[in-house]
Amino acid sequence: MLLFTNANAGTHDAETVEKVAGLLRDAGRDVTVCPSASSGDLDRALDGDRHAVAVAAGGDGSINRLVGVLYRRGELDRTVGLVPMGTGNDLARNLGIPLDPEDAARLLLDGGRRELDLIVDEDGHTTLNAVHAGIGAAAAASATRFKPRLKAAAFPVGATLAGLRHSGWRMKVEADGEPVAEGKFLMVALSNASGIAGGTAQLAADGHPGDGKLELVVSAATGPFARVAYAMHLRQGTHRFRDDVLHSTACSVTLSGEDFRINSDGEVSGPFTKRTWTLRPKAWRLITPPAAE
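Scoring rules and cut-offs
Residues numbered from 1 in each chain as written. Predicted model: local features only at pLDDT ≥ 70, side-chain atom pairs only at ≥ 80, totals over all residues. Heavy atoms only, no water. Helix = DSSP H or I, 4+ residues; strand = E, 2+ residues; numbered from the N terminus. Buried < 20%, exposed > 50% of the residue type's maximum accessible area, 1.4 Å probe, protein only. Contact = heavy atoms within 4.5 Å. Areas by Shrake-Rupley, 256 points an atom, 1.4 Å probe, with all protein chains shown as cover. Salt bridge = Lys/Arg side-chain N within 4 Å of Asp/Glu carboxyl O. Core = buried A, V, L, I, M, F, W, Y, C linked by side-chain atoms within 4.5 Å. Lys, Arg positive; Asp, Glu negative; His and termini not counted. Expected span 1.5 Å × (residues − 1). Axes fitted to C-alpha atoms, helices over the stretch in contact; angles between N-to-C directions. Left-handed = near helix turned anticlockwise from the far one by under 90°. Nonpolar A, V, L, I, M, F, W, Y, C, P; charged D, E, K, R; others polar. Phe/Tyr/Trp six-rings, centres within 6.5 Å; stacked < 30°, edge-to-face > 60°. Lys NZ or Arg CZ within 6 Å of the ring centre and 35° of its normal. pLDDT = per-residue confidence, 0-100.

Enquirer: I would appreciate a short explanation of the overall build of the protein chain in the present structure.
Expert: The helix and strand inventory of the protein chain stands at nine helices and 16 strands. Residues classed as buried in the protein chain amount to 52% of the 293 residues present. Counting only contacts in the protein chain whose residues sit at least 6 apart along the sequence, the fraction spanning at least 24 positions is 71%. Counting only carbon and sulfur atoms, one obtains 49% of the accessible surface of the protein chain, whose full area is about 12,800 Å².

The following block contains the structure:
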């Protein structure tokens, strides 16, 4: 196994990684710990062993970067593993992967291989859980400075601050080549799973990472009271029943309009004026609990 870690991780994380590696070695696995600060580090380690299971020890950003590199290299047939060590750990939560690193390491030994869908934009950037434009990106940016102290609680704080500062963006949404919405929206989101933001929001209650479709959520809750109500419903997953919310499914979505930023698995980028995302069904394989297969 290749165990990819954050090269800038603190002492506590380094100790946890050593415990995980030791547990796997005691079980007879050949484990190479690969501290990684860039995609180049990932490439060099993957070049060294083209058949090893590639394991990300980190958060959603870490597993996203690993899968993104494998996608670019044309190596999505390689089995991937995850040891959650991040703030939100949305992928692990959505798939039932233990949040305790040592329990997750044991899963690497006896878990099943599950084929999962992948969201890819026109530049080849990948998303595993969800991609947002509008308030989702603004909330992620606002939450960044609170993560060291508040951990997962930083997400609702960031969402609250973003909701106070922003009332919406003018955008056009197309699904599978057809226009479905145009106007001023608080949020446009594509989800490949159910929960986001460290489990504090249920973006797509019916989301399933292997069902071959994207959950599309478009919120026009731009008024001050509507924004608050939308946020409360989002926590429970009941926002899709609101009159100012469009909830649909698609295989490809294009978003265009005034400058907007996007949040892909917690990583904020942009601004953009147009973006297209396409779902690649059952594109990669992850070790998950057998019951989740």
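Alright, that's what it looks like, and here's the rest.
Enquirer: Any chance you could explain the pattern of salt bridges here in plain terms?
Expert: The tally for this structure, following the rule as stated, stands at 14 salt bridges. The partner of Arg 72 in a salt bridge is Asp 43, and the shortest N-O contact between them spans 2.7 Å. Linking Arg 72 in helix α3 (residues 60-73) with Asp 43 in helix α2 (residues 39-48), this pair joins segments that are 29 residues apart in sequence. The exposure class of Asp 43 is buried, given its relative accessible area of 17%. Measuring nitrogen to oxygen at the nearest pair gives 2.9 Å for the salt bridge that ties Arg 73 to Asp 43. Placement of Arg 73 in helix α3 and of Asp 43 in helix α2 is noted, with a sequence separation of 30 residues between them. Because the salt bridges share partners, they merge into one network encompassing Asp 43, Asp 47, Arg 50, Arg 72, Arg 73, Glu 75 and Arg 78.

Enquirer: Explain the environment of Val 33 to me, please; I cannot follow it from the model alone.
Expert: In this fold, Val 33 is placed in strand β2 (residues 32-36). In the structure, Val 33 is positioned twelve residues away from Ala 21 in sequence and 7.4 Å away in space, judged by C-alpha atoms. Apart from residues no more than four positions distant in its own chain, Val 33 is found in contact with Leu 3, Thr 5, Val 17, Glu 18, Ala 21 and Arg 25.

Enquirer: Honestly, the nonpolar core in this entry has me stumped. Any pointers?
Expert: Nonpolar side chains in soluble globular proteins tend to be buried together. Phe 4, Trp 284 and Leu 286 are the most contacted members of the largest nonpolar core, which has 45 residues in total. Here Trp 284 is in contact with Val 67, Leu 76, Val 80, Leu 91, Arg 114, Glu 115, Leu 116, Asp 117, Leu 118 and Leu 128, once residues within four sequence places are set aside. By size, the runner-up hydrophobic cluster in this structure holds 34 residues, among which are Val 131, Val 173, Leu 234 and Phe 260.

Enquirer: Please explain the side chain of Glu 215 as it appears in this structure.
Expert: Position of Glu 215 relative to the elements: it lies in strand β13 (residues 214-219). For Glu 215, which is buried and forms no salt bridge, the nearest opposite charge comes from Lys 213, at a distance of 5.0 Å. Non-local contacts of Glu 215, meaning those with residues more than four positions away in its chain, are made with Ala 189, Leu 190, Ser 191, Ala 204, Asp 206, Gly 207, His 247, Ser 248 and Thr 249.

Enquirer: In this structure, what is going on with α3? I would like to understand it.
Expert: Note that an α-helix has 3.6 residues per turn; residues three or four places apart therefore point the same way. Spanning 14 residues, α3 covers 20 Å between terminal C-alpha atoms, matching the ideal 20 Å at 1.5 Å per step. In terms of residue burial, α3 counts as a mostly covered element, since ten of its 14 residues are buried. Looking only at α3, the buried set comprises Asp 60, Gly 61, Ile 63, Asn 64, Leu 66, Val 67, Gly 68, Val 69, Leu 70 and Arg 73. Looking one or two residues past α3, Gly 74 carries a phi angle of roughly 70°, positive in sign.

Enquirer: Looking at this structure, I do not really get the packing of α2 against α3. What am I missing?
Expert: How two helices pack is summed up by the angle between their axes together with the distance between the axes. Between α2 and α3, the least distance of the axes is 10 Å, while the angle of their chain directions is 65°. Pair α2 / α3 crosses with right-handed handedness. In this structure, α2 uses Ser 39, Leu 42, Asp 43, Leu 46 and Asp 47 to contact α3, whose residues at the interface are Arg 65, Leu 66, Val 69, Leu 70, Arg 72 and Arg 73. Residues that form the contact of α2 with α3 fall into these classes: five nonpolar, one polar and five charged.

Enquirer: Whenever I open this one, the packing of aromatic side chains confuses me. Can you help?
Expert: One pair of aromatic rings is described through two measures. These are the centre distance and the angle between the planes. For the coordinates displayed, the defined rule picks out one aromatic pair. Pairing Phe 260 with Phe 272 gives two aromatic rings, centres 6.5 Å apart and planes at 50°, and the pair type is tilted. Of this pair, Phe 260 sits in strand β15 (residues 252-264) while Phe 272 sits in strand β16 (residues 267-288), and the two are twelve residues apart along the sequence. Across the pair, exposure class does not vary: Phe 260 and Phe 272 are buried alike. Over the ring of Phe 272 we find Arg 275, and its NZ or CZ is 4.3 Å from the ring centre.

Enquirer: Can you walk me through the confidence of the model for the protein chain in this structure?
Expert: The predicted model of the protein chain has a mean per-residue pLDDT of 85, with 85% of residues at 70 or higher. Taking the mean pLDDT of every element in the protein chain, the minimum, 51, falls on helix α7 (residues 147-150) and the maximum, 96, on strand β4 (residues 79-84).

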